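What follows is the residue order along each chain.
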Amino acid sequence: FALKALFAPLVDSYFSRKAWVIPCTLASGALWLWLGHTIEALVLSRDTTSLAAALFAVVLLLAAQDVAVDIWALELLPARSRPYAPVCQTVGMGAGNLIAHPLLLLLSSSRLRDPPVLTLPRFLW
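Asker: Describe the overall build of the protein chain, naming the residues involved and giving the relevant values.
Answerer: Helices and strands together make up the secondary structure of the protein chain, namely 4 helices and 0 strands. For the protein chain, the N- to C-terminal ordering of α and β elements is α-α-α-α. Counting the 125 residues in the protein chain, one finds 19% classified as buried. Counting contacts in the protein chain only where the partners sit at least 6 residues apart, residues at least 24 apart contribute 59% of the total.

Asker: Could you give an account of the environment of Leu 10, naming the residues involved and the relevant values?
Answerer: Note on placement: Leu 10 falls in helix H1 (residues 4-13). We classify Leu 10 as partly exposed; its relative accessible area is 42%. With 57 residues separating them along the chain, Leu 10 and Val 67 place their C-alpha atoms 9.9 Å apart.

Asker: With reference to specific residues and values, describe helix H3 (residues 48-76).
Answerer: For H3, with 29 residues, the first-to-last C-alpha span of 41 Å sits near the 42 Å given by 1.5 Å per residue. Every buried residue belonging to H3 is among Leu 51, Ala 54, Val 58, Ala 63, Ala 64, Gln 65, Val 67, Ala 68, Ile 71 and Ala 73, and all of these are buried.

Asker: Requested: an account of a nonpolar patch on the surface, with residues and values cited.
Answerer: Judged by side-chain polarity, Leu 10, Tyr 14 and Phe 15 come together as a nonpolar surface patch covering roughly 370 Å² of accessible area. The exposed category is assigned to Phe 15, whose relative accessible area is 65%.

Asker: Please give an account of the nonpolar core that cites residues and values.
Answerer: In globular proteins that are soluble, nonpolar side chains generally tend to be buried together. Among the nonpolar cores identified, the biggest contains 10 residues, and these are Phe 7, Val 11, Trp 20, Val 21, Cys 24, Ala 63, Ala 64, Val 67, Ala 68 and Ile 71. At the level of secondary structure, the elements contributing two or more residues to this core comprise H1, helix H2 (17-44) and H3. With 5 residues, the single largest contributor to this core is H3.

Asker: Would you mind going over unusual backbone geometry in detail, with residue names and values included?
Answerer: The backbone phi angle of Arg 46 is positive, close to 60 degrees, even though this residue is not glycine. Position of Arg 46 among the secondary structure elements: in the loop between H2 and H3. By relative accessible area, Arg 46 is classed as exposed at 71%.

Asker: Just give me the short version of the packing of H1 against H3, but keep the residues and values in it.
Answerer: Two elements in contact, H1 and H3, have axes separated by 9 Å at closest approach and are oriented at 60 degrees. On the basis of the axis angle, H1 is oblique to H3. Both H1 and H3 take part in a crossing whose hand is right-handed. Taken together, the residues of H3 that come into contact with H1 (itself represented by Lys 4, Phe 7, Ala 8, Val 11 and Asp 12) are Leu 60, Ala 63, Ala 64, Asp 66, Val 67, Ala 68, Asp 70 and Ile 71. Looking at the contact of H1 with H3, its residues break down into 9 nonpolar, no polar and 4 charged.

Rules and cut-offs
Residues numbered from 1 in each chain as written. Predicted model: local features only at pLDDT ≥ 70, side-chain atom pairs only at ≥ 80, totals over all residues. Heavy atoms only, no water. Helix = DSSP H or I, 4+ residues; strand = E, 2+ residues; numbered from the N terminus. Buried < 20%, exposed > 50% of the residue type's maximum accessible area, 1.4 Å probe, protein only. Contact = heavy atoms within 4.5 Å. Expected span 1.5 Å × (residues − 1). Patch = residues over 30% accessible without salt bridge, like charges linked within 9 Å, V, L, I, M, F, W, Y side chains within 5 Å. Areas by Shrake-Rupley, 256 points an atom, 1.4 Å probe, with all protein chains shown as cover. Salt bridge = Lys/Arg side-chain N within 4 Å of Asp/Glu carboxyl O. Core = buried A, V, L, I, M, F, W, Y, C linked by side-chain atoms within 4.5 Å. Axes fitted to C-alpha atoms, helices over the stretch in contact; angles between N-to-C directions. Parallel < 35°, antiparallel > 145°, perpendicular 65-115°, else oblique. Left-handed = near helix turned anticlockwise from the far one by under 90°. Nonpolar A, V, L, I, M, F, W, Y, C, P; charged D, E, K, R; others polar.

Honestly, it's all geometry; don't read function into it.
See below:
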């Protein structure tokens with residue numbers, strides 16, 4: 001994310017905002033699904049190269065998506081509302097974290113369901 005200023009002009013110059021947001025979301029979701037199935041094997045086999053490459057790709061995709069969403073928000077909002085765009089994004093991110101993190105814990109709790117809906121890899125324990 002610290003280097004997203006370097007490729008922000010690329011995101012701004014090519015294609016529409018939706019053409020960046022939707023593929024980046026789908027690709028990062030596919031990478032997370034793949035990692036969800038293979039991360040335990042990667043960690044146990046100490047394949048740090050594949051793990052680092054996958055996580056780097058996810059961060060790169062999410063940074064490109066973040067740039068595209070920022071540009072899109074500035075295009076959609078009227079000029080008088082543009083100063084509030086970062087506030088809206090920060091509140092939305094906080095609300096998403098407030099909802100998603102407890103939900104993840106609830107889904108992975110063996111006290112609520114046996115077996116739990118979501119199982120975490122053993123190396124995390």
